[in-house]
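# Chains, contacts and geometry: an overview
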Amino acid sequence: MKAAFVRLSVVASITAIAACSGSDEPGSARLNNLKEGMTLTQALDAMGKGPLTATYSDTMRLLNGYRRMRYLMNGADFNVVYSRDIPGDVKEPVLQAKETPIVFRNDTLLGWGWRYFVDEGMGKFQLPTPLRAIDTMTTPLLSDSAKKLDSAAAAASKAAPAKPDSTK
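Residues numbered from 1 in each chain as written. Predicted model: local features only at pLDDT ≥ 70, side-chain atom pairs only at ≥ 80, totals over all residues. Heavy atoms only, no water.

## Focus on the nonpolar core
Put simply, the test is: We call a set of buried residues a nonpolar core when its members are Ala, Val, Leu, Ile, Met, Phe, Trp, Tyr or Cys and they connect through side-chain atoms within 4.5 Å of each other. When accessible area is computed with a 1.4 Å probe and restricted to protein chains, residues below 20% of their type maximum are described as buried, those above 50% as exposed, and intermediate ones as partly exposed. Only DSSP runs of H or I with at least four residues qualify as helices, and only runs of E with at least two residues qualify as strands; both kinds are numbered from the N terminus onward. Should any heavy atoms of two residues lie within 4.5 Å, those residues are considered in contact.
Residues Phe 78, Tyr 82, Val 103, Phe 117 and Leu 127 are the most contacted members of the largest nonpolar core, which totals 14 residues. Only strand E3 (66–73), strand E4 (76–83) and helix H4 (114–124) provide two or more residues apiece to this core. Examining the composition of this core, we find that 4 residues originate from one element, E4, more than from any other. Not counting residues within four places of it along the chain, the set of residues in contact with Val 103 comprises Phe 78, Asn 79, Thr 108, Leu 109, Leu 110, Gly 111, Tyr 116, Phe 117 and Leu 127. By size, the runner-up hydrophobic cluster in this structure holds 13 residues, among which are Leu 40, Ala 43, Ile 102 and Phe 104.

Printed below as a string of structure tokens:
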């Protein structure tokens, strides 16, 4: 009798753990409907509308209420869609505690979750970290010619002779 109770307890515990795996990912209720191989459209339909909003040019980073970052890497078109439950604005930084990445290559769902993103997305496909992607969007980028002009101006100001004081 005791052995049967122990077996039943172990089976119940394993079942509960298996049912909860992945539930620590933000937006996990939406993630349960995903299957590898889905198209981007099928995945968005399965997830429903996301809770993010955007204004003006930020709407380009919004897809059906989810943050989207798009990369062209090694001849492939990657879309990383971030699932979340908490309403917010696409201007907010990507935080692991709030969002879960879902990786698509050429419109096909490859996988999701932070472990997948780090191992496969960043490791195998060499996608940039989300924070770097946001930093490059908010930091003004200078062309090579603008950088050369800035460095030439700095060099000229250092090389210019000091002007004599005319108040003497």
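## Observations concerning the pattern of salt bridges
Our working definition: Salt bridge, as used here: a side-chain nitrogen of Lys or Arg that lies within 4 Å of a carboxyl oxygen of Asp or Glu.
Under the definition given, this model contains 7 salt bridges. Here Asp 77 ties to Arg 70 by a salt bridge, and the two come within 2.7 Å at their closest N and O atoms. One salt-bridge network, in which partners are shared between bridges, spans Arg 67, Arg 84, Glu 92, Lys 98 and Glu 99.

## Considerations on the environment of Gly 50
Of note, Gly 50 is situated in the loop between helix H3 (40–47) and strand E1 (52–53). As a C-alpha pair, Gly 50 and Ser 83 span 33 residues in sequence and 7.3 Å in three-dimensional space. Look past the residues within four positions of Gly 50 in its chain and what remains in contact with it is Arg 30, Asn 64, Gly 65 and Tyr 66.

## A closer look at the sheet that holds strand E6 (residues 100–105)
Worth spelling out the cut-off: Pairing between two strands requires that DSSP report at least two bridges joining them. Under this scheme, a helix contributes an axis fitted over its contacting stretch, all axes are lines through C-alpha atoms, and angles between N-to-C directions fall in the 0 to 180 degree range.
Spatially, the 5 strands line up as an open sheet ordered E2-E3-E4-E6-E7, and their pairing is antiparallel. Strands with a single pairing partner mark the edges of an open sheet, and in this sheet they are strand E2 (62–63) and strand E7 (108–112). Sitting on the sheet, H3 is in contact with E2, E3, E4 and E6, with an inclination near 5 degrees to E4. Of the strands in this sheet, E4, E6 and E7 touch H4, which is tilted by about 40 degrees from E6.

## Overview of H3
Let me state the cut-off plainly: Comment: arc refers to directions from the helix axis out to C-beta atoms.
Among all positions of H3, only Leu 40, Ala 43, Leu 44 and Met 47 are buried. One face of H3 carries all of its buried residues, which in axial projection span an arc of 100 degrees. For H3, exposure combined with an orientation more than 90 degrees from the buried face picks out Thr 41 and Asp 45. Against helix H2 (28–31), E2, E3, E4 and E6 lie the buried residues of H3.

## What about H4?
Every buried residue of H4 is listed here: Trp 114, Tyr 116, Phe 117 and Gly 121. What you see down the axis of H4 is that its buried residues fit within an arc of 140 degrees, all on one side. Those residues of H4 that are exposed and angled more than 90 degrees off the buried face are Arg 115 and Lys 124.

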